[in-house]
Amino acid sequence: MQATATAHSNIALIKYWGKRDERLILPANSSLSLTVDRLSTTTTVSFDPDLAEDRLILNQKSADEKSMARVSRFLDRTRFLTNTNQHATVISRNVVPTAAGLASSASGFAALAAAASRALGLQLDEPTLSRLARQGSGSACRSVFGGFVEWQKGKRRDGMDSYAVPVASQSHWDLVMLITVVSNQRKPLSSREGMRRSIETSPFYSGWLETVENDLIEAKEAIASRDFEKLGRVVEANALKMHAVMLGAEPPFTYWWEPTLSVMKKVWEMREAGIPAYFTMDAGPNVIVLCERENVAKLQQGLLHIRGVTDVVECHPGPGITYEKEGMQP
Ligand code: PMV
């Protein structure tokens, strides 16, 4: 009744922004991501008939109530699959190369889905595991796979056709993502709230939906032919569009900080100067700069000099879920 799994985080190239079903976490649009090597979560789940309630130890500390409740609700979904009512101890550790709040719910819920289902003796196929992870956190469904991954939004109301599929393997293209860290503060608004407000109030949301599927097709073509400029252009435009949706909401909101803009401007300047680089941002102030290996050193130097930038983490394509024999100790 115990299993350990590791999942890596992913960064969206074409973003998921907006849900068509909040309970099942079904997205309004399909999305595309790259699983990255340097951000991961390893989780051990042990079900125990003698436990009176679930326990969560996160990075060697007892987790707060909110995180515990979210994990417990997720465990209920896995318990439901096997008809068990046993509680579990969950020991989870995030591997992040910096203290700047880069741990993600994507790697967290992908590792939890894998470890919990294995601990219950289930051998889930990949679509099923991806659907399960999705119900913890939408973007987690993409972390089941390594390399380039598409989350197909699906059409069905029960979500059976909404899961991730691999697009190109980890070794297909050594694209580099420089995570340019500008803040470790908590986001002012959860992505769940931000998505809801965008759908309900932003007049730009319809423009987002009209164009995002085409962005996805273009990005997939660029990945297939390893066309860096083509990929960079559509990735950057897609991220800016998502952030424009937020600026159009009522009340408006943004996840950007002053240094976020400085990094964006720096990337534009360096591109003007002939260094191919593009950026993307998630629901947070950090900027992810996309480049190829030969330009890493020059870009890193330029980015680290910007006021407010505290770290630049170099990431490469990472693997999908793996299982370990040994359990972790708290
Ligand atoms: O899966 P969530 O609820 O953490 O939402 C992720 C939303 C974005 O990071 C902004 C976009 C994405 O596709 O990952």
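Everything below is about the structure shown above.
Reading the values: the criteria
- Residues numbered from 1 in each chain as written.
- Predicted model: local features only at pLDDT ≥ 70, side-chain atom pairs only at ≥ 80, totals over all residues.
- Heavy atoms only, no water.
- Helix = DSSP H or I, 4+ residues; strand = E, 2+ residues; numbered from the N terminus.
- Rg over C-alpha atoms; globule rule 2.2 N^0.38 Å.
- Buried < 20%, exposed > 50% of the residue type's maximum accessible area, 1.4 Å probe, protein only.
- Areas by Shrake-Rupley, 256 points an atom, 1.4 Å probe, with all protein chains shown as cover.
- Lys, Arg positive; Asp, Glu negative; His and termini not counted.
- Charge placed at Lys NZ, Arg CZ, Asp CG, Glu CD.
- Phe/Tyr/Trp six-rings, centres within 6.5 Å; stacked < 30°, edge-to-face > 60°.
- Expected span 1.5 Å × (residues − 1).
- Contact = heavy atoms within 4.5 Å.
- Polar contact = N/O pair within 3.5 Å; in protein donor to acceptor, adjacent residues only side chain to side chain.
- Near = heavy atom within 4 Å.
- Nonpolar A, V, L, I, M, F, W, Y, C, P; charged D, E, K, R; others polar.
- Salt bridge = Lys/Arg side-chain N within 4 Å of Asp/Glu carboxyl O.
- Patch = residues over 30% accessible without salt bridge, like charges linked within 9 Å, V, L, I, M, F, W, Y side chains within 5 Å.

Chemist: How should I be thinking about the overall build of the chain in this particular structure?
Modeler: Within the chain one finds eight helices and 14 strands. Here the C-alpha radius of gyration of the chain, 19 Å, is about what a compact globule of 330 residues would show, namely 20 Å. On the principal axes, the C-alpha backbone points of the chain span a range of 65 × 40 × 40 Å. When burial is assessed residue by residue, the chain has 55% of its 330 residues classed as buried. For the chain, the exposed surface amounts to about 14,800 Å²; the carbon and sulfur share of it is 49%. Between the centroid of the 38 positive side chains of the chain and the centroid of its 37 negative side chains there is a distance of 2 Å.

Chemist: I keep staring at the packing of aromatic side chains and nothing clicks. Help me out?
Modeler: For any pair of aromatic rings, the description rests on two quantities: the centre-to-centre distance and the angle between the ring planes. For the structure shown, the criterion picks out six aromatic pairs. A ring pair is formed by Phe 74 and Phe 109, whose centres lie 5.5 Å apart and whose planes are at 70°; its orientation type is edge-to-face. Of this pair, Phe 74 sits in helix α1 (residues 65-82) while Phe 109 sits in helix α2 (residues 105-119), and the two are 35 residues apart along the sequence. Each member of the pair Phe 74 and Phe 109 is classed as buried. Taken together, a centroid distance of 5.8 Å and an interplanar angle of 85° make the contact between Phe 253 and Tyr 255 edge-to-face. Taking relative accessible area as the criterion, Phe 253 reaches 10% and is therefore assigned buried. Residue classification places Tyr 255 among the buried positions, given a relative accessible area of 3%.

Chemist: Help me understand α1, please; the structure alone is not making it clear to me.
Modeler: Three- or four-residue spacings in an α-helix give side chains the same orientation, since the helix completes a turn every 3.6 residues. For α1, which comprises 18 residues, the first-to-last C-alpha distance of 26 Å matches the rise-based estimate of 26 Å (1.5 Å per residue) to within 8%. Of all the positions in α1, only Met 68, Val 71, Ser 72, Phe 74, Leu 75, Thr 78 and Arg 79 are classed as buried. On its buried side, α1 packs onto β4 (31-48), β5 (55-58), β7 (87-95), α2 and α3 (126-134). Between a side-chain oxygen at the N-terminus of α1 and the backbone nitrogen of Lys 66 the separation is 3.1 Å; the capping residue is Asp 64. Looking one or two residues past α1, Asn 83 carries a phi angle of roughly 65°, positive in sign.

Chemist: Could you clarify how one ought to interpret the site of the ligand in this entry?
Modeler: The local shell around the ligand holds 14 residues, among which Ala 12, Tyr 16, Ser 137, Ser 139 and Arg 142 are the closest. Ser 137 has a polar side-chain atom sitting 3.2 Å from an oxygen atom of the ligand. A distance of 2.8 Å separates an oxygen atom of the ligand from a polar side-chain atom of Arg 142. Residue composition of the shell around the ligand, by class: six nonpolar, five polar and three charged.

Chemist: Looking at this structure, how should I read the pattern of salt bridges?
Modeler: Once their charged atoms are close, side chains differing in charge can pair, the charge on each being opposite to the other. Within the structure shown, the criterion is met by twelve salt bridges. A salt bridge links Glu 213 to Lys 153, with the shortest nitrogen-to-oxygen separation between them at 3.9 Å. Here Glu 213, found in helix α5 (residues 205-224), pairs with Lys 153, found in the loop between β8 (148-152) and β9 (163-168); they are 60 residues apart in sequence, far enough to count as distant. Its relative accessible area of 26% is what places Glu 213 among the partly exposed residues. Overall, the relative accessible area of 29% leaves Lys 153 in the partly exposed class. The salt bridge partner of Glu 221 is Lys 230, with a shortest N-O separation of 2.7 Å. Looking at Lys 230, the relative accessible area reads 22%, which means it is partly exposed. Residues participating in the shared-partner salt-bridge network are Glu 22, Glu 193 and Arg 196.

Chemist: Could you clarify how one ought to interpret a positive patch on the surface in this entry?
Modeler: On the surface, a cluster of positive charge is made up of Lys 66, Arg 70, Arg 73, Arg 186, Lys 187 and Arg 192. Ranked by residue count, the leading element in the positive patch is α1, at three residues. As for its placement among the helices and strands, Lys 187 is situated in the loop between β10 (175-181) and α4 (191-201). Assessed through its relative accessible area of 44%, Lys 187 is described here as partly exposed.

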